Structure formats: C-alpha cells, structure tokens
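If you want the building blocks of each chain, they are given just below.
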Amino acid sequence: MKSTAAIVIGVLAAIATAAPARAQSPTFSKDVAPILYKNCVVCHRPGEVAPMSLITYQNVRPWARAIKNKVVAREMPPWGAGPASMKIANDRSLSPHDIETIVRWADNGAAKGDDAELPAVPTFPAGGWVWGQPDIVIDLPIEAQVPPTGEYPQLSYFVKSPFPTDVWMQGMQIRTNNPAIVHHATLFIRTLPEDVVLKDGKVMMPPGRGQTTRNTEGGFNVLPAGAGPGIRLVSYTPGRGWERYTDGVARRLPKGAYIEFNMHYQPSGKPEKERAQFGIWLSKVPVQHEMQNASSLDRGTTMVEGKPLGNERVPNIPPGVDNWKISNFKIFPQPATLYAMSPHMHLRGKDMKFTVTYPDGREEVVLDVPKYDFNWQLYYELATPLKLPAGSKLTAYAHYDNSAKNKWNPAPDKEVFWSEQSWDEMYNPQIRWTWDLQDVSKESSTIAGGAQQ
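Residues numbered from 1 in each chain as written. Predicted model: local features only at pLDDT ≥ 70, side-chain atom pairs only at ≥ 80, totals over all residues. Heavy atoms only, no water.

Peer 1: Account for helix H5 (residues 96-107), naming residues and giving values.
Peer 2: Owing to its 3.6 residues per turn, the α-helix aligns residues three or four sequence positions apart on the same side. Over its 12 residues, H5 runs 16 Å from end to end, which matches the ideal 16 Å to within 8%, given 1.5 Å per residue. Where H5 is buried, its residues meet helix H2 (28-39), helix H3 (57-60) and helix H4 (64-72). Where H5 ends, the next residue or the one after it, glycine 109, has phi of about 100 degrees, a positive value. (Helix = DSSP H or I, 4+ residues; strand = E, 2+ residues; numbered from the N terminus. Expected span 1.5 Å × (residues − 1). Contact = heavy atoms within 4.5 Å.)

Peer 1: Pulling in residues and values, what's your account of the sheet that holds strand E5 (residues 182-190)?
Peer 2: What the four strands build is an open sheet, ordered E3-E13-E5-E10; its pairing is antiparallel. Lying at the two open borders of the sheet, with one neighbouring strand each, are strand E3 (155-160) and strand E10 (231-236). The average angle at which neighbouring strand axes cross in this sheet is 20 degrees, direction not considered. Of the pairings in the sheet, the one linking E5 to strand E13 (residues 258-265) comprises eight bridges and is antiparallel in character. By the bridge assignment for E13, threonine 186 is matched with asparagine 262. (Pairing = 2+ DSSP bridges. Axes fitted to C-alpha atoms, helices over the stretch in contact; angles between N-to-C directions.)

Peer 1: Lay out the sheet that holds strand E21 (residues 336-344) with the relevant residues and their values.
Peer 2: Taken in spatial order, the four strands line up as E17-E26-E21-E24 in an open sheet, and their pairing is antiparallel. Because the sheet does not close on itself, it has two edges, and the strands there are strand E17 (292-294) and strand E24 (380-388). Across the sheet, the mean angle from the axis of one strand to that of its neighbour is 25 degrees, orientation sign disregarded. In this structure, E21 lies alongside E24, joined through five bridges in antiparallel fashion. Looking at the pairing, methionine 341 lines up with tyrosine 380 of E24.

Peer 1: Which residues make up the packing of H2 against H5, and what values go with them?
Peer 2: Across the interface, H2 lies against H5 with an axial gap of 10 Å and an inter-helix angle of 135 degrees. Here H5 runs oblique to H2, going by the angle between their axes. Judged by the twist between their axes, the crossing of H2 over H5 is left-handed. Residue-level contacts link Phe28, Asp31, Val32 and Ile35 of H2 to Asp98, Thr101, Ile102 and Trp105 of H5. (Parallel < 35°, antiparallel > 145°, perpendicular 65-115°, else oblique. Left-handed = near helix turned anticlockwise from the far one by under 90°.)

Okay, here's the thing in structure tokens:
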C-alpha cells in the first residue's frame, strides 16, 4: 500500500502535468471569436438569415457542440467547391487549423477566456447592402402580397431605367426584406415599345397587341409585340445576390431600357409581404470590357445519359435513379476571360463540374462542386481569371439523385419535370466572362456615372 506522502506527490504531479494542457486549451475570446467574426457572423447576427446570432459568448456557448459538429462535417460555413477546383477568391471554407481550434475548444469545456482578448465585433453596412449605400436604389414597384398556400407562379414587374443615358454598373445587388419566401429573384434588362403603359409594374395594353413569355403570372406573361429578349443582370438565391467586377469591367444599362424584376415566391403557410430592391454602384473609372452573363451554355449541345439531345426537349428524370447525368458546353469563338461560375439545380441536384478543353486538346477542371446544396447556391469567383484562347470549350457536367438516398427528395417514386418549382428541376450552369478583343472605351456614346465620356 502506498504511503500518504506518495499519494500526495502523485496527485501533485498529475495536476502539474494537466495544468499546461488546460492553459493551452482554446478560449472563446482569444481563439474562437476571431474565427466566427471572420467567417460566420455575416449571416449569424440579428436580422440576418441564420437562425441564431454567434457574436457574444452567451450567444455561442449553448451551441458549442453543434458548431463543432457542423464545422467537422464541413456543413458550415457553407462552401461547395472541392479540392479539384482552381483557386477561388471568395473561398469561405475554414482551414484545418480553424476546425481543429473549434474542436479542441468544444471538447475542453468551451471556456470563455479573458474579455480583454476579445476582438472588436465586425461592423456591416446598414440596410443589408454588401458594399455600403449604392449610388442608386430601384424598388420593386409594389409590395407583393403572397398567399399562405398553393403553387405560386413567377411574377414579373418592370421599371424604366431612371438614367437619361447609358450607364455602366460595376456593382449590383438585389436584396429582399423577406428571404424566407423568396425562392429566387432575377433581374433582366428588357426593351419595351415606346408606347407601353405600366400599372404597378405590370404591362397594360389593348387586346391583340401581346406576345406571351413563360415564367410569370399564371405561367405566362403578356408583353407588347416588339418587346426585346431579357438580358440577365443579377439573381438572388440563398447564398448570393450580388456581383462586383474589377476596375475596367462593368455591365451596361442602356438608355430607355426597362429593368425586369422576375420574382418567384413560395408560400410559407401564412400571408406574407415582400418588396425587393435593386442597388447599383456605378463605375468610376473608364470601362474597357462589358461583362457577359449567361444562365446556360450553348443550345443544341446537351447530352443526356451520354446521348446527344440536339434541340429536343430534355426528358424527365426517371423515378429512383441516383446518378442521372446531363451536360452541355459553350465554345468561345474568340479570346475570352472567364471570371466566375455558379451551378443552379433544385432538390435532386447532386453535383456539377466545369471543365475547359483548350484548342490543343488539354483539359482542365475549373470548378468542381461534388456535393451541391440547394440551400446555398454560391457564385464561385476565380482568384485568377482564366484566359481562354479562341476555340476553347467550357463543359458543365451535372448529376441528379432522384432516389430515396437523397434526403431532400420529396418524391423518389415519381419522375421529375423541368420547371420552376423547387420540387421540379432545373439545369443552369451559370457563367460570367468578357471578350478580350472588346474595348468599349472607344465607343462614342456618353456614359453616365463619371465612368467615361
């Protein structure tokens, strides 16, 4: 039997050994708060989309174990680009060191630490604008009233450009005051006849003067004969809704054009209201390149399950399949620069990959999203814009899981139609690029906003 002295000595030795380990355990103030402030509180703060605030220790402590589990599973912060992707400028994923810090903090009691070591809480622009107050804000013409139930169609509202000349937009953001009911909101440039009349943003016209387009009230919207095609500007979905370009690159808003707000609401079970806003930051420097923005690649290039589709309608996704494949591509006939990509699918979307094939036959993965998440549809900005020689081909490959293995699948026993509702499907490999040989600064038109004359 050990003596009392020996026992005391052993306990003291154990305490001495454990003390440095405890001293080295991360604390909220010194180690965890900087990670949360940099990566999480942009959404996890009062008034934003996340369900809880992660600013104070009192906010965070009850969620310590859940935070640990989410970051270990890499479910938070939301980030879909895999390691095969090129370097992404807006990468919000946590480093292995940050994840390990949060794990050790949660596993060792989630200590608060010294308040003196707590960093300053980050500040954010007022009103939900990403880059502070825009140069101009254009409101949805009315406050939309959304019923509590039913399949609510897409709606389009139109606002004439408030500028007397063409303008160049270097930054754009569409924001909503009720994100819980907005499936998506997409803005387009639209040309309408000079004699068009609008009421509450809706086109009014005499009988017989209309043409129909999809995606609005009742499934169709009536537009005057001669209305031009919609040119996509920017879209809001969970995780995105803003675009800003490098100096010298911008989007043109032509004089006399109309801005189309294409709004897709989803009922929440109670009556709701919503009023979106479009913020514009004008270019303050001369513009050389006009940003091109496409929500799909070239028509007639689609392959379904390895078979060319041509211009035929894309077949429905069969019930029970777990790896249904579709792809298409875009060929660049002249030198171009690729800036960003974004996959858009719905609940059966499984993955999407963008690859480029150069004229010499080399292939390279540009973006790989191996676990697509409908709840977080991000635009992935290349850290170094990719130069594409004339003749380069950009291909997007996507897979869909319509089986019971997909936890988001509402009906694995039914075929899936291609349409606007979340329980239907879409295939939209979205890209942004410029043409290298273009120089709009040599145009003679007057550009507002101080960009060029």
